[in-house]
Amino acid sequence: MAETPNPTTPDSSATSASGVPEQSASSGHEPRRTRDGGPGRRGRPPRGPRGDAARGNADDMVEKVVFVNRSSKVVKGGRRFHFSALIVVGDRKGKVGYGFGKANEVADAIRKGNEQARRAMVDVHLKGATIPHAVVGRYGGGEVLLRPASPGTGVIAGGSVRAVIEAAGIRDVLTKSLGSANAVNVVKATLEGLQQLRPRDEIYRVRGLSTKAVSSAAAPVNEPAPAVGGGA
């Protein structure tokens, strides 16, 4: 004997007007939501910030990878690689530093170099967008000449010197590498030169002079013009 369907029992195969099966109200399941209330992505929370913001270093620091070196060691099972990275970090406001990280992976070497550079940052005296005077920095076989430039000149520098100059916040400068092309020595020579920079007031104070006295001494003296033509 065939059973009559109970009209009070909800039909699980009911569909909506668009033809999509409707979810039963008695099932108790709700669409997955993220922490902020939005629709979930396979039940996973939304992705957080990446890069410096994810590491808690969301600041104005500029990180530049100058050089990455790979060395290998032959062992019984094959070759074992090691990496070293030269990193320059600055705030583009007169503070810059470098670090040299070593690790078995490139990412770890860069991270170590970044941490060393942040701990070794030094202050650099600037004059607007350029440097106050010409200077030569030397370290080992590296020798770098730095000269101030007029506004709009830009950074005239090679790769290693440019990384340090831009991280320090210098926008107009003329440079020339006169010694070794080794990236580490060039970066150290550039930083050595930048640390030699001094503002005019500090130089006058060390010499025991005042800016007013020097300005008056440097002013041209108007001498009377010699008389033309004449004698009795």
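Details of the structure are given in the entry above.
So, here's what we can say about the structure. What you see is a predicted model, and the numbers here were worked out from it, not measured in a lab.

### Some thoughts on the overall build of the protein
At step 1: Helices and strands together make up the secondary structure of the protein, namely five helices and eight strands.
At step 2: Reading the protein from its N terminus to its C terminus gives the helix and strand order β-β-β-α-β-β-β-β-α-β-α-α-α.
At step 3: Per-residue burial over the protein gives 25% buried out of 232 residues.
At step 4: Of all intrachain contacts in the protein linking residues separated by at least 6 positions in sequence, the fraction that spans at least 24 positions is 52%.

### Structural notes on the packing of helix α2 (residues 159–168) against helix α3 (residues 183–195)
How two helices sit against one another is set out by the angle between their axes and by the gap between those axes.
At step 1: Axis separation between α2 and α3 bottoms out at 9 Å; the angle between their running directions is 40 degrees. Put simply, α2 runs oblique to α3. As for the relative orientation of α2 and α3, their crossing is right-handed in sense. Contacts from S160, V161, V164 and I165 of α2 reach α3 at A183, V186, V187, T190, L191 and L194.
At step 2: The class makeup of the residues in the contact of α2 with α3 is eight nonpolar, two polar and no charged.

Cut-off values and rules
- Residues numbered from 1 in each chain as written.
- Predicted model: local features only at pLDDT ≥ 70, side-chain atom pairs only at ≥ 80, totals over all residues.
- Heavy atoms only, no water.
- Helix = DSSP H or I, 4+ residues; strand = E, 2+ residues; numbered from the N terminus.
- Buried < 20%, exposed > 50% of the residue type's maximum accessible area, 1.4 Å probe, protein only.
- Contact = heavy atoms within 4.5 Å.
- Axes fitted to C-alpha atoms, helices over the stretch in contact; angles between N-to-C directions.
- Parallel < 35°, antiparallel > 145°, perpendicular 65-115°, else oblique.
- Left-handed = near helix turned anticlockwise from the far one by under 90°.
- Nonpolar A, V, L, I, M, F, W, Y, C, P; charged D, E, K, R; others polar.

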